[in-house]
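Residue-level structure breakdown
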Amino acid sequence: MQTTTGKLINQLRLNERIEQLSQIGRIAETGICRLALTPEDMDGIIQVRLWMENAGLTTRLDPFGNLIGRLEGADQALPILMIGSHIDSQPYGGRYDGAIGVLGALEAVQCLIESGIQPRMPIEVIAFCDEEGSRFNKGLFGSRGITGQLEEGELDRQDKNGVTRREALEAFGCSPSDFEEAIYPPGSIGSYLELHIEQGPVLEALNAPVGLVTGISGPLWLTVTMKGMAGHAGSVPMGMRHDALVGSAKVIAAFDDMVREDPEAPTVGTVGSLRVFPDSRNIIPEEVSFTVDLRDMEMERRNRLEARLMNILDDVSFRYGLTYSLTEDTNSEPRYCAEPIMSVIRSSAEEIGVTLPELMSGPFHDALALSLVCDYGMIFVRSKDGISHHPSEYSSPEDIGLGTEVLYRTIRRMCSGMNQPIILPEEAL
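Conventions adopted
- Residues numbered from 1 in each chain as written.
- Predicted model: local features only at pLDDT ≥ 70, side-chain atom pairs only at ≥ 80, totals over all residues.
- Heavy atoms only, no water.
- Helix = DSSP H or I, 4+ residues; strand = E, 2+ residues; numbered from the N terminus.
- Buried < 20%, exposed > 50% of the residue type's maximum accessible area, 1.4 Å probe, protein only.
- Contact = heavy atoms within 4.5 Å.
- Lys, Arg positive; Asp, Glu negative; His and termini not counted.
- Charge placed at Lys NZ, Arg CZ, Asp CG, Glu CD.
- Polar contact = N/O pair within 3.5 Å; in protein donor to acceptor, adjacent residues only side chain to side chain.
- Expected span 1.5 Å × (residues − 1).
- Arc of directions from axis to C-beta.
- Salt bridge = Lys/Arg side-chain N within 4 Å of Asp/Glu carboxyl O.
- Axes fitted to C-alpha atoms, helices over the stretch in contact; angles between N-to-C directions.
- Parallel < 35°, antiparallel > 145°, perpendicular 65-115°, else oblique.
- Left-handed = near helix turned anticlockwise from the far one by under 90°.
- Nonpolar A, V, L, I, M, F, W, Y, C, P; charged D, E, K, R; others polar.
- Pairing = 2+ DSSP bridges.
- Right-handed = clockwise from strand over helix to strand, strands pointing away.
- Core = buried A, V, L, I, M, F, W, Y, C linked by side-chain atoms within 4.5 Å.

When you go through the chain residue by residue, the secondary structure sums to twelve helices and 16 strands. With respect to the three principal axes, the spread of C-alpha positions in the chain is 85 × 45 × 45 Å. Looking at the chain as a whole, 55% of its 429 residues are labelled buried. Put simply, of all contacts in the chain between residues at least 6 apart along the chain, 79% involve residues at least 24 apart. One way to put it: in the chain the 36 positive side-chain charges average out to a point 2 Å from where the 63 negative ones average out.

Turning to the side chain of T59, a few remarks are in order. Structurally, T59 is set in strand 3 (residues 58-61). Side chain to side chain, T59 and R49 meet in a polar contact 2.9 Å long. Separated by 2.6 Å, the side chains of T59 and E53 make a polar contact. Here T59 is in contact with R49, M52, E53, I68 and G69, once residues within four sequence places are set aside.

One can find M414 in helix 12 (residues 397-416). Take M414: its relative accessible area is 15%, and that puts it in the buried class. Apart from the residues within four sequence positions on either side, M414 is in contact with L81, R120, M121, S191, L193, I341 and V344.

Bringing helix 8 (residues 244-259) into the picture now. Between the first and last C-alpha of helix 8 there are 23 Å, a value that for 16 residues agrees with the 22 Å anticipated at 1.5 Å per step. Within the span of helix 8, buried status applies to A244, G247, S248, V251, F255, M258 and V259. Across the axial projection of helix 8, the buried residues extend over an arc of 100 degrees, all falling on one side. Buried positions along helix 8 lie against strand 9 (218-227), strand 10 (268-270), strand 12 (287-296) and helix 9 (299-320). Here helix 8 starts with a cap whose side-chain oxygen sits 2.9 Å from the backbone nitrogen of L245, and that cap is D243.

The residue after F277, namely P278, is reached through a cis peptide bond having omega 5 degrees. Mapped onto the elements, P278 comes out in the loop between strand 11 (274-277) and strand 12. Residue L140 is not a glycine yet carries a positive backbone phi of 55 degrees. Considering the arrangement of structural elements, one finds L140 in the loop between strand 6 (123-128) and helix 4 (141-146).

Okay, the pattern of salt bridges next. Close approach of charged atoms allows side chains of opposite charge to pair. Applying the stated criterion across every chain, the model contains 28 salt bridges. For the salt bridge of R409 with E405, the shortest nitrogen-to-oxygen distance reads 2.7 Å. With R409 and E405 both in helix 12, this residue pair falls four residues apart, about one helical turn. E405 carries the same exposure label as R409, and that label is buried. When salt bridges with common partners are traced through the structure, they connect R60, R70, E72 and E124 into a single cluster.

This next bit is on the packing of helix 1 (residues 11-22) against helix 2 (residues 39-55). Relative to each other, helix 1 and helix 2 sit at 160 degrees, their axes nearing to 10 Å. In terms of orientation, helix 1 lies roughly antiparallel with respect to helix 2. Our pair here, helix 1 against helix 2, has a crossing hand that is right-handed. The segment helix 1 lies against helix 2, with R17, Q20 and L21 engaging G44, Q47, V48 and W51. Among the residues forming the contact of helix 1 with helix 2, the class breakdown is three nonpolar, three polar and one charged.

A separate point is the pairing of strand 5 (residues 80-86). Along strand 5, seven of the seven residues are buried, which leaves the element largely enclosed by surrounding structure. Both faces of strand 5 are covered, namely the face carrying I80, M82, G84 and H86 and the face carrying L81, I83 and S85. Here strand 5 pairs with strand 7 (residues 189-197) via four bridges, running parallel. In the strand pairing of strand 7, I83 is matched with L193. In terms of strand pairing, strand 5 meets strand 6 through six bridges, oriented parallel. Looking at strand 6, one finds that L81 is bridged to I123. Viewed along the sheet, the connection from strand 5 through helix 3 (residues 99-114) into strand 6 turns out right-handed.

Take the nonpolar core next. By size, the foremost hydrophobic cluster in this structure holds 93 residues, and its most contacted members are V48, M82, I83, I123 and I411. Leaving out residues up to four positions away in the same chain, I411 has contacts with L81, I83, A108, L112, I123 and L193. Core analysis: the second largest hydrophobic core is formed by 19 residues, M226, V251, V259 and V316 among them.

By themselves these figures say nothing about function.
Laid out in structure tokens, this is it:
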């Protein structure tokens, strides 16, 4: 097998687009707040759409809020090769999460066009709507939408200002009444590829700029509401209180202890959002709602931990005279990458002299939703200090460029239908 070292993508163009997109919704020096279906999100869509059209793609904004750029293939009957990620962010997020997957996919497909290559199958570059789930407390909206996985009541979910998802979509110019016709028919998506920052410390610890993802852990998201009785903070004796915040604190601490019990397990658990009512200094809290995020690669272990959490809720509620209710916001099993696609990614990296370490993904991605309808593969780019969902999130231009190069070569091989190396002219080596 011939090994080449020449880079085919336009790394300067890619870097400039990442930097330009990062100015939309900018906070502080390097942070991003570009929540789904907000004016900032629309500004990002407009900019990325312009780049797609300038590259030669036909674009559309579908009813779910997904931006899609399409390159026609030689055989329109073949299933689509879909590539992408998202451009929405956390409220206190970084400039690389999701964005490099969309802009890296665009760069790769633009390189195909500039090389005069028409793929066998149609290719779609997609910026999925609301991957993060930070505004309406349920993510992967756009990717679940096009694959027919939305659940009852999703359009009624409200953000912290009382705006429903339906209202936000309509303000975005999207029509929920057209959802059905925007769902991709079974078998119409052949494969899905996603480039993403790792959002963890593994690649940096291995001194590896790029990695091959083998699967995505299964997330369980719950919202727990504990109810007690409000009262004057100065007059109700401690033994007579039904303090929902104290009870919630006991549950949260016990949950954290439980998840930490086996340091060798990949299990992670987080309580990231909490609301207190009436939220006053001198009133005993009557009602508290908090989120639970539990993830694991082993469903049996995750199920055991979930059952233990239910026992903790029962015990604490009894002890403090509280009641509780919960809703299940997300529940997905672990999904593993397709070995044939992983093989093409490995070969594409080896072609430029790179050996990819293999690792699981703790965070979920749009690939999780796509995995239920097609084969998928993912490429990770090293994250400095493993930091993500924070303004200090950073991946170097060199690492992003290398990840995009591997993505491009993977796409090119898949477009040809053969796992063959790309042989460059001598001057490009």
